[in-house]
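Read off the chains here:
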Amino acid sequence: MILKPLLAAAAAAGVLLTAAPAQASDTGLYGAGDATYDGVYRQSLAILSLKASGQKVPKDAVRWLKSQQCADGGFMEYRADTTSACLPADATNLTGQELNGTALAVGALKQTGNMKAAKKAARWIGTKQNPDNGFSYFPEAGATSDTSSTALAIAAMSLVAKSPQQSYLLDVQYRCDAPAAKRGGLRFDTTMSEVNDGATAQTAAMLGGALTLPTPTTIKKSAPSLKCKGKGKDKTAVDTAALGWLNKRLVATKGKLPYGGGYPGTDYSATATGALALANAGVGRKAVRTTVKALKRDAESWITASGADAPGSLAWLILVANATGENPKDFGGINLVKRLAATKQ
């Protein structure tokens, strides 16, 4: 249970988990490091960030992503040999087809006009819903549902197809019967007891339409909250309630969400996703400004955490810059767009 969220967080953050080089045939792939665990994820994020900020998406970047799609519509994170059949999801060994990268690929494919491929991927996701109405990172039969994968699945399917049943997210969210400090926060899955920052941020962002690449809006001072009195008691939408929790949490942590599970350091991926969720919703001005300042200060260390520039980190920062009215070509003195372009093979 510990490895799974850490692997997901590392992939989301653009952190390379091994030092092996990517294949020489990977023209168009963002990032020179081993793509085994995050190839499709980081590629999709890069494409989405370029579209959101009005930049031209290179044709070979889209071509690489499309070449990785499996015959049934899903994606593995990386296939060195795309003529070979994809491996089935294996939740024990964390290999084979996986949902999170596939969900982001739906967004990237749709936003670049590749609707046929996007719909095929969304249909694959739709076949993977568990009996509890959740979705799993590596969706083999019997795999445990988790909040982040479920939010990504709902966002991807809603983008090009029918939105799936969302009751799982209500089951993992702390609602009005919980202590006030936890209300609106979501757990990583139903086996956990603590609010998970990353899962809450992912849910707020994805259910809030992050894959639709919404036009930047004015960010209001106020933020919503879970209503626990009166006529609308406990009827607040999952993502709206999550925004209220994130707003308070980002202010309390001075714009730097920590890793869960007792691990030290800042979870920059969760932090950026939380800021993106609030900015896209146009709420929580203080939390957004505080977080953007923190991200500007720490951008270089996050981008280069594994040595070479991480395209996933750069992409998240471009998305945040665009949503918050910042210049992605001068974010804390960094030209994020140029740095991302330089990582492409």
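Residues numbered from 1 in each chain as written. Predicted model: local features only at pLDDT ≥ 70, side-chain atom pairs only at ≥ 80, totals over all residues. Heavy atoms only, no water.

Visitor: Would you explain the overall build of the chain in this entry?
Guide: In terms of helices and strands, the chain carries 13 helices and zero strands. In the chain, the succession of helices and strands from N to C terminus is α-α-α-α-α-α-α-α-α-α-α-α-α. For the chain, whose C-alpha radius of gyration is 18 Å, the value lies close to the compact-globule estimate of 20 Å for 345 residues. Contacts spanning at least 24 positions in sequence make up 64% of the contacts within the chain whose residues lie at least 6 apart. (Helix = DSSP H or I, 4+ residues; strand = E, 2+ residues; numbered from the N terminus. Rg over C-alpha atoms; globule rule 2.2 N^0.38 Å. Contact = heavy atoms within 4.5 Å.)

Visitor: Explain the packing of helix α10 (residues 268-281) against helix α11 (residues 285-303) to me, please; I cannot follow it from the model alone.
Guide: Remark: α10 packs on α11, axes separated minimally by 10 Å, with the N-to-C direction vectors making an angle of 145 degrees. For the pair α10 and α11, the crossing hand works out as left-handed. Mapping the contact onto sequence places Y268, S269, T271, A272, A275, L278 and A279 in α10 and A287, V288, T291, L295, D298, S301 and W302 in α11. Partitioned by chemical class, the residues of the contact of α10 with α11 number nine nonpolar, four polar and one charged. (Axes fitted to C-alpha atoms, helices over the stretch in contact; angles between N-to-C directions. Left-handed = near helix turned anticlockwise from the far one by under 90°. Nonpolar A, V, L, I, M, F, W, Y, C, P; charged D, E, K, R; others polar.)

Visitor: Even after reading the chapter, I still don't get the nonpolar core, so can you show me in this structure?
Guide: With 92 residues, the main nonpolar core has L65, V106 and I125 as its most contacted residues. The contact partners of V106, leaving out residues within four places of it in the chain, are A118, A121, A122, I125, A156, L159 and V160. (Core = buried A, V, L, I, M, F, W, Y, C linked by side-chain atoms within 4.5 Å. Buried < 20%, exposed > 50% of the residue type's maximum accessible area, 1.4 Å probe, protein only.)

Visitor: I keep staring at the packing of aromatic side chains and nothing clicks. Help me out?
Guide: Here the distance between the centres and the angle between the planes together describe a pair of aromatic rings. Taken as a whole and assessed by the stated rule, the structure comprises three aromatic pairs. Ring centres 6.4 Å apart and planes at 15 degrees place the aromatic pair W64 and Y78 in the stacked group. With a gap of 14 residues between them, W64 in helix α3 (residues 59-67) and Y78 in the loop between α3 and α4 (99-111) connect regions that are remote in the sequence. Both residues of the pair, W64 and Y78, count as buried. Against the face of Y174 rests R187, its NZ or CZ located 5.7 Å from the ring centre. The ring of F331 carries the charged tip of K296 above its face, separated from the ring centre by 5.8 Å. (Phe/Tyr/Trp six-rings, centres within 6.5 Å; stacked < 30°, edge-to-face > 60°. Lys NZ or Arg CZ within 6 Å of the ring centre and 35° of its normal.)

Visitor: Help me understand the environment of N93, please; the structure alone is not making it clear to me.
Guide: As for its position among the elements, N93 is in the loop between α3 and α4. Its relative accessible area of 52% is what places N93 among the exposed residues. The sequence separation of N93 and F138 amounts to 45 residues, and the corresponding C-alpha distance is 9.4 Å. At 2.8 Å, the side chain of N93 and the side chain of D90 are in polar contact. (Polar contact = N/O pair within 3.5 Å; in protein donor to acceptor, adjacent residues only side chain to side chain.)

Visitor: Would you mind going over the state of the cysteines with me for this structure?
Guide: Tallied over the entire structure, the rule returns two disulfides. Sequence-ordered numbering of the bonded cysteines in the chain gives a pairing of 1-2, 3-4. (Disulfide = S-S within 2.5 Å.)

Visitor: Explain helix α2 (residues 39-52) here, please?
Guide: Counted at 1.5 Å a residue, the expected span for α2 with its 14 residues is 20 Å, and the 20 Å between its end C-alpha atoms agrees. In terms of residue burial, α2 counts as a mostly covered element, since 13 of its 14 residues are buried. With its phi angle positive at about 75 degrees, G54 sits one or two positions after the end of α2. (Expected span 1.5 Å × (residues − 1).)

Visitor: I keep staring at helix α8 (residues 197-207) and nothing clicks. Help me out?
Guide: Each α-helix turn comprises 3.6 residues. Residues three or four places apart therefore point the same way. By the criterion of burial, α8 is predominantly enclosed, with 10 of the 11 residues buried. Among the residues making up α8, those that are buried are D197, G198, A199, T200, A201, Q202, T203, A204, A205 and M206. If you follow the buried residues of α8, they end up packed against α2, α4, α6 (147-160), α7 (167-172), α9 (238-252) and α10. Where α8 starts, the residue carrying a side-chain oxygen 3.1 Å from the main-chain nitrogen of G198 turns out to be N196.

Visitor: Got a minute to help me understand the side chain of N247 in this structure?
Guide: Relative to the helices and strands, N247 is located in helix α9. According to the relative accessible area criterion, N247 is buried, its value standing at 16%. Once residues lying within four places of it in the same chain are set aside, the contact partners of N247 are A223, L278, G284 and A287.

Visitor: Which parts of the structure should I look at to understand the environment of S149?
Guide: One can find S149 in helix α6. C-alpha of S149 to C-alpha of Y30: the two residues are 119 residues apart in sequence and 23 Å apart in space. Leaving out residues up to four positions away in the same chain, S149 has contacts with L99, N100, F135, S136 and Y137. Polar contacts involving the side chain of S149 include one to the main-chain amide nitrogen of Y137, which spans 3.3 Å.

Visitor: Is there a simple way to explain the pattern of salt bridges in this structure?
Guide: Two side chains of opposite charge can pair, provided their charged atoms sit close to one another. Within the structure shown, the criterion is met by nine salt bridges. Residue K344 is joined to D60 by a salt bridge in which the shortest nitrogen-to-oxygen separation is 2.9 Å. Placement of the pair is K344 in the segment after α13 (336-342) and D60 in helix α3, with a sequence separation of 284 residues. Relative accessible area serves as the criterion here: at 25%, K344 is assigned to the partly exposed category. The salt bridge partner of R339 is E300, with a shortest N-O separation of 2.9 Å. On the criterion of sequence distance, the pair formed by R339 in helix α13 and E300 in helix α11 is long-range, its members being 39 residues apart. In the salt-bridge network here, residues are joined through shared partners; they are E300, D309 and R339. (Salt bridge = Lys/Arg side-chain N within 4 Å of Asp/Glu carboxyl O.)

Visitor: Just to check I follow, could you spell out the confidence of the model for the chain for this structure?
Guide: Close inspection of predicted coordinates is inappropriate in any region flagged by low pLDDT. Looking at the chain, pLDDT values average 92 and 93% of them are 70 or higher. Under a pLDDT of 50 for its full length, residues 1-22 has, in the predicted model, 53 contacts with residues more than four places off or in other chains. (pLDDT = per-residue confidence, 0-100.)

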